[in-house]
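Residues per chain, in single letters:
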Amino acid sequence: MVYFFVQAELDLEKGLEMRKWVLSGILASEETYLSHLEALLLPMKPLKAAATTSQPVLTVQQIETIFFKVPELYEIHKEFYDGLLPRVQQWSHHQSVGDLFQKQASQLGVYRAFVDNYELAVETAEKCCQANTQFAEISENLKVRSTKECKDQTAKYSLETLLYKPVDRVTRSTLVLHDLLKHTPSSHPDHPLLQDALRISQNFLSSINEESTPRRQSMTVKKGENRQLLKDSFMVELVEGARKLRHVFLFTDLLLCAKLKKQIGGKSQQYDCKWYIPLSDLTFQAAEETEPLSIPQVPDEELDAIKIKISSLRSEVQREKRANKGSKVIDRLRKKLSEQESLLLLTSPNMALRVHNRNGKSYMFLISSDYERAEWKDMIREQQKKCFKAFSLTSMELQMLTNSCVKLQTVHHIPLTINKEEDESPGLHGFLNVIIHSASGLKQSLNLYCTLEVDSFGFFVNKAKTRVYRYTTEPKWNEEFEIELEGSQTLRLLCYEKSYNKTKTNKEDVESTDRIIGKGQIPLDPQMLQGKDWQRTVIPMNGIEVKLSMKFTSREFSLKRMPSCKQVGVFGVKISTVTKRERSKVPYIVRQCLEEIERRGMEEVGIYRVSGVATDIQALKNAFDTNKDLGPPSLFFKGEEGKRMDGQMDEGWIASANLWVHVEREGCVLRAMLLSDYSSSRFYLCVPAGAPPSAAAGMF
């Protein structure tokens, strides 16, 4: 009883410390935002003064339109910052800040006016830049003062970039309130005030989203037609065996692939068109219609090494920020982080999306998510039904269209965490247990299975797959999966009809002939998942409903390993105890799984990537604990104290992987165990929980 009381007190103390950390982040973000608003206000005063002279740069009306409500926004956030700063500096766990957030939420009407005027402000600024070179020069070189963390730097921004900051702020403020409320105990006086502020913010955000038309920005083309942007995204293109990062734009009548040029000397973004295909000439190539693919593969261990570097660099950046080191050190680390994240973004995708121009060449994109691949295909096919006539663009028209992409783009940054704002939600880190129960609403009997995707390191990846439920309208899988989350914010589910066509030619794209009959996604809300109970939900998709249950375990809690209460089993028992009982140098479970992976490991798809069914794994654990001949070695080691392998130990395991002679391998494994001091239970095989039974054996 005393233990649980003390643990509760420690958890409360940790939560209150996190509250201070969140508020410190909000302060830093507010300081940056105020510097952006100041940069907008700086040219406004001289422009107003010049407007009454004989040589005005802009008229009074143009100035009021472009800078509409910016002074009011500055005053609101300056008052908020000045009120929050002393409270954080004189911090105690009883400190109250909820009144500041509640007051700020009550002033969202100013943001309403700004957002309603935003498009007119940008349009007016663009026209003024075209008409007046002096204003064009001013609008491209607005200086933003350095913050406390970046004392030696002065950044330059364009007017359009800074005008977008308040629009973006509306969404980020709601996310920040979510995080702050999460770490505020329900007994704290701030809790009801923050709840009220969050309710106001969410209602405001919902009303903005409902009233604003979908962002389908357009440009006028000849003959009075209207070309609209439907979708854009950064994607990897495979060009003569090399991976290239591209920005792809889908317009109402064509698909355009562009390369983002490097920005030099503070110049604004520019694109270089690589190719385009009119939708009337575009077809998708199926795997069976083409020669087998040759996609250059990057070994899993190299991808894991990149992820480890990224995690390490992120920690270093945060550590340097807390230590208030100079901006040069942080900038150097951020540059390394950007390089590693860009490398991961380029090397990870292996799922082909092939498009073909009936009049010429074929192109191939590599995507990590079947959900996104289906979205692109569905949107293009839907647009092709509108029967656009064939056409071609002149070089001048193509240049104008490419230039317009800078203004029309909806995805402004390469999907790297380095490009996220500091106050943006970091996502969930830990393990998500998901039970896929059943599906309903099917019109005919089909062979069905589901897959799960989550976002990780800036892109979505497939994490789990159910077994095929044969010929039914009401599949009942009831399969549980444990998925590792690495900054994840969204869970996606896809439902497939299994094809048993034997003519597949592309081993890397084995699911390409399986038909997606539905897809859906849900946000991974930290507040909804913070309890210990299972959360049931339903994902609707194309008339089908799939029932799920979810439970989240944070990274900190998941690393706590509890020893087994029984000494006769295998899992949670010290290695020294198991080997002594078995009178063997290497535990029986390890030998069994080594034999299993050598027998059929090469035939398993996604052996390290796709999670195994948690219920099956538990059954295997129980079988091994009762002396049956099967079981996963990863969980045997996960039952230990949970410490990672050190560098010396790694070398032992890697060396054993290269030995194919049974006797030599056994000796090498034994030496690796000795290096890890297995008699003191100080080693942990780094294999995700829920991996297939043979996954850990692949480490040897």
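See the structure above.
Residues numbered from 1 in each chain as written. Predicted model: local features only at pLDDT ≥ 70, side-chain atom pairs only at ≥ 80, totals over all residues. Heavy atoms only, no water.

**Comments concerning the pattern of salt bridges**
Link 1 in the chain: For the structure shown, the criterion picks out 20 salt bridges.
Link 2 in the chain: Here Lys-407 makes a salt bridge to Glu-160, at a shortest N to O gap of 2.8 Å. Taken as a pair, Lys-407 in helix H12 (residues 395-408) and Glu-160 in helix H7 (residues 159-182) lie far apart in primary sequence, 247 residues in all.
Link 3 in the chain: Classification of Glu-160 as partly exposed rests on a relative accessible area of 27%.
Link 4 in the chain: A salt bridge links Arg-227 to Asp-253; the shortest N-O distance between them is 2.9 Å. With Arg-227 in strand S4 (residues 226-239) and Asp-253 in the loop between strand S5 (242-251) and strand S6 (254-260), this pair connects stretches of sequence that are 26 residues apart.
Link 5 in the chain: According to the relative accessible area criterion, Arg-227 is buried, its value standing at 6%. (Salt bridge = Lys/Arg side-chain N within 4 Å of Asp/Glu carboxyl O. Helix = DSSP H or I, 4+ residues; strand = E, 2+ residues; numbered from the N terminus. Buried < 20%, exposed > 50% of the residue type's maximum accessible area, 1.4 Å probe, protein only.)

**Here we look at helix H4 (residues 98-106)**
Link 1 in the chain: Within H4 the residues assigned to the buried category are Gly-98, Leu-100, Phe-101, Gln-104 and Ala-105. The arc that holds the buried residues of H4, viewed along the axis, is 160°, so those residues lie on one side. (Arc of directions from axis to C-beta.)

**A few points about a positive patch on the surface**
Link 1 in the chain: The grouping of Lys-244, Lys-259, Lys-262 and Lys-274 at the surface amounts to a positive patch.
Link 2 in the chain: If you trace the backbone, Lys-274 turns up in strand S7 (residues 271-278).
Link 3 in the chain: By relative accessible area, which is 39% here, Lys-274 ends up partly exposed. (Patch = residues over 30% accessible without salt bridge, like charges linked within 9 Å, V, L, I, M, F, W, Y side chains within 5 Å. Areas by Shrake-Rupley, 256 points an atom, 1.4 Å probe, with all protein chains shown as cover. Lys, Arg positive; Asp, Glu negative; His and termini not counted. Charge placed at Lys NZ, Arg CZ, Asp CG, Glu CD.)

**Comments concerning the side chain of Glu-480**
Link 1 in the chain: Assignment of secondary structure puts Glu-480 in strand S15 (residues 476-488).
Link 2 in the chain: Notably, Glu-480 is buried but unbridged: the nearest opposite-charge side chain belongs to Lys-551, and the N-O separation is 6.2 Å.
Link 3 in the chain: Of note is the side chain of Glu-480, whose polar atom sits 2.8 Å from the side chain of Asn-433. (Polar contact = N/O pair within 3.5 Å; in protein donor to acceptor, adjacent residues only side chain to side chain.)

**Some points on helix H10 (residues 327-347)**
Link 1 in the chain: Spanning 21 residues, H10 covers 30 Å between terminal C-alpha atoms, matching the ideal 30 Å at 1.5 Å per step.
Link 2 in the chain: Along H10, the residues that are buried comprise Ser-327, Ile-330, Leu-333, Leu-337, Gln-340, Glu-341, Leu-344, Leu-345 and Thr-347. (Expected span 1.5 Å × (residues − 1).)

**Describing the nonpolar core**
Link 1 in the chain: Of all hydrophobic cores here, the largest spans 56 residues; its most connected members are Leu-23, Ile-26, Ile-66, Leu-84, Phe-101 and Leu-159.
Link 2 in the chain: Breaking this core down by element, the ones donating at least two residues are helix H1 (2-51), helix H2 (60-66), helix H3 (70-89), H4, helix H5 (109-131), strand S1 (142-144), H7 and helix H8 (190-211).
Link 3 in the chain: At 13 residues, H1 tops the list of elements feeding residues into this core.
Link 4 in the chain: Apart from the residues within four sequence positions on either side, Leu-23 is in contact with Leu-84, Val-88, Trp-91, Val-97, Phe-101 and Leu-180.
Link 5 in the chain: With 30 residues, the next largest nonpolar core counts Trp-477, Leu-485, Ile-539 and Leu-548 among its residues. (Core = buried A, V, L, I, M, F, W, Y, C linked by side-chain atoms within 4.5 Å. Contact = heavy atoms within 4.5 Å.)

**Section: the environment of Tyr-164**
Link 1 in the chain: Within the secondary structure layout, Tyr-164 lies in helix H7.
Link 2 in the chain: Judged by its relative accessible area of 27%, Tyr-164 is partly exposed.
Link 3 in the chain: Taking the C-alpha atoms as reference points, Tyr-164 and Tyr-118, 46 residues apart in sequence, are found 8.1 Å from one another.

**Thoughts on unusual backbone geometry**
Link 1 in the chain: Notably, Tyr-471 is not glycine yet its phi reads approximately 40°, a positive angle.
Link 2 in the chain: Locating Tyr-471 in the fold gives a position in strand S14 (residues 469-472).
Link 3 in the chain: Residue classification places Tyr-471 among the exposed residues on the basis of a relative accessible area of 63%.
Link 4 in the chain: In this structure, Arg-583 is a non-glycine residue whose phi angle is positive, near 55°.
Link 5 in the chain: Positionally, Arg-583 belongs in the loop between helix H15 (575-582) and helix H16 (588-600).

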